[in-house]
Amino acid sequence: MTATTHICRTRGFTLIEVLVALSIVALALAAGARATGALTANAERQSNMLLAQLCAENTLIGLRLNRMMPP
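Just so it is clear, the model here is predicted, and its values are computed rather than measured.

Focus on the overall build of the protein chain
Looking only at helices and strands, one finds one helix and zero strands in the protein chain. Across the 71 residues of the protein chain, 0% fall into the buried class.

Next comes the structure, spelled out in C-alpha coordinates:
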(Lines give C-alpha, C1' and ligand atoms only; values in the text may rest on other atoms or scores of the structure.)
Protein backbone atom coordinates (compact mmCIF):
# COMPACT_ATOMS: atom_id res chain seq x y z
CA MET A 1 0.00 0.00 0.00
CA THR A 2 1.06 3.45 -0.78
CA ALA A 3 0.70 6.14 1.82
CA THR A 4 -0.77 9.27 0.33
CA THR A 5 -0.07 12.49 2.04
CA HIS A 6 -2.85 15.01 1.98
CA ILE A 7 -1.54 18.52 2.04
CA CYS A 8 -4.10 20.90 3.40
CA ARG A 9 -3.62 24.27 1.81
CA THR A 10 -5.21 27.23 3.48
CA ARG A 11 -5.64 30.08 1.12
CA GLY A 12 -4.79 33.47 2.55
CA PHE A 13 -5.29 36.92 1.16
CA THR A 14 -3.31 38.07 -1.84
CA LEU A 15 -1.28 41.24 -1.80
CA ILE A 16 -3.79 42.96 -4.09
CA GLU A 17 -6.67 42.13 -1.74
CA VAL A 18 -4.77 43.51 1.24
CA LEU A 19 -3.88 46.70 -0.65
CA VAL A 20 -7.49 47.22 -1.71
CA ALA A 21 -8.67 46.74 1.88
CA LEU A 22 -6.05 49.19 3.16
CA SER A 23 -7.07 51.73 0.52
CA ILE A 24 -10.71 51.48 1.58
CA VAL A 25 -9.77 51.95 5.24
CA ALA A 26 -7.55 54.92 4.36
CA LEU A 27 -10.38 56.58 2.41
CA ALA A 28 -12.80 56.05 5.29
CA LEU A 29 -10.34 57.53 7.78
CA ALA A 30 -9.66 60.51 5.52
CA ALA A 31 -13.38 61.16 5.17
CA GLY A 32 -13.80 60.95 8.94
CA ALA A 33 -10.93 63.36 9.52
CA ARG A 34 -12.40 65.81 7.01
CA ALA A 35 -15.82 65.63 8.66
CA THR A 36 -14.26 66.18 12.08
CA GLY A 37 -12.39 69.21 10.77
CA ALA A 38 -15.58 70.66 9.31
CA LEU A 39 -17.43 70.17 12.60
CA THR A 40 -14.62 71.83 14.53
CA ALA A 41 -14.54 74.81 12.17
CA ASN A 42 -18.33 75.15 12.39
CA ALA A 43 -18.23 75.08 16.19
CA GLU A 44 -15.52 77.76 16.23
CA ARG A 45 -17.49 79.94 13.79
CA GLN A 46 -20.62 79.56 15.92
CA SER A 47 -18.68 80.57 19.02
CA ASN A 48 -17.26 83.64 17.25
CA MET A 49 -20.73 84.65 16.05
CA LEU A 50 -22.14 84.39 19.58
CA LEU A 51 -19.32 86.54 20.98
CA ALA A 52 -19.79 89.10 18.20
CA GLN A 53 -23.52 89.26 18.89
CA LEU A 54 -22.89 89.79 22.62
CA CYS A 55 -20.41 92.58 21.86
CA ALA A 56 -22.86 94.27 19.48
CA GLU A 57 -25.67 94.06 22.03
CA ASN A 58 -23.43 95.52 24.74
CA THR A 59 -22.46 98.40 22.45
CA LEU A 60 -26.11 99.15 21.62
CA ILE A 61 -27.09 99.06 25.29
CA GLY A 62 -24.20 101.40 26.09
CA LEU A 63 -25.35 103.86 23.41
CA ARG A 64 -28.94 103.78 24.70
CA LEU A 65 -27.82 104.35 28.26
CA ASN A 66 -25.62 107.31 27.24
CA ARG A 67 -28.66 108.99 25.64
CA MET A 68 -30.79 108.47 28.74
CA MET A 69 -28.23 109.70 31.25
CA PRO A 70 -28.01 113.41 31.86
CA PRO A 71 -24.71 115.04 30.87
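Remarks on a nonpolar patch on the surface
Together, F13, L15, I16, V18, L19, V20, L22 and I24 make up an exposed nonpolar region whose accessible area comes to about 860 Å². Along the polypeptide, L22 turns up in helix α1 (residues 15-68). The exposure class assigned to L22 is exposed, which follows from its relative accessible area of 52%.

About the criteria used
Residues numbered from 1 in each chain as written. Predicted model: local features only at pLDDT ≥ 70, side-chain atom pairs only at ≥ 80, totals over all residues. Heavy atoms only, no water. Helix = DSSP H or I, 4+ residues; strand = E, 2+ residues; numbered from the N terminus. Buried < 20%, exposed > 50% of the residue type's maximum accessible area, 1.4 Å probe, protein only. Patch = residues over 30% accessible without salt bridge, like charges linked within 9 Å, V, L, I, M, F, W, Y side chains within 5 Å. Areas by Shrake-Rupley, 256 points an atom, 1.4 Å probe, with all protein chains shown as cover. Salt bridge = Lys/Arg side-chain N within 4 Å of Asp/Glu carboxyl O.

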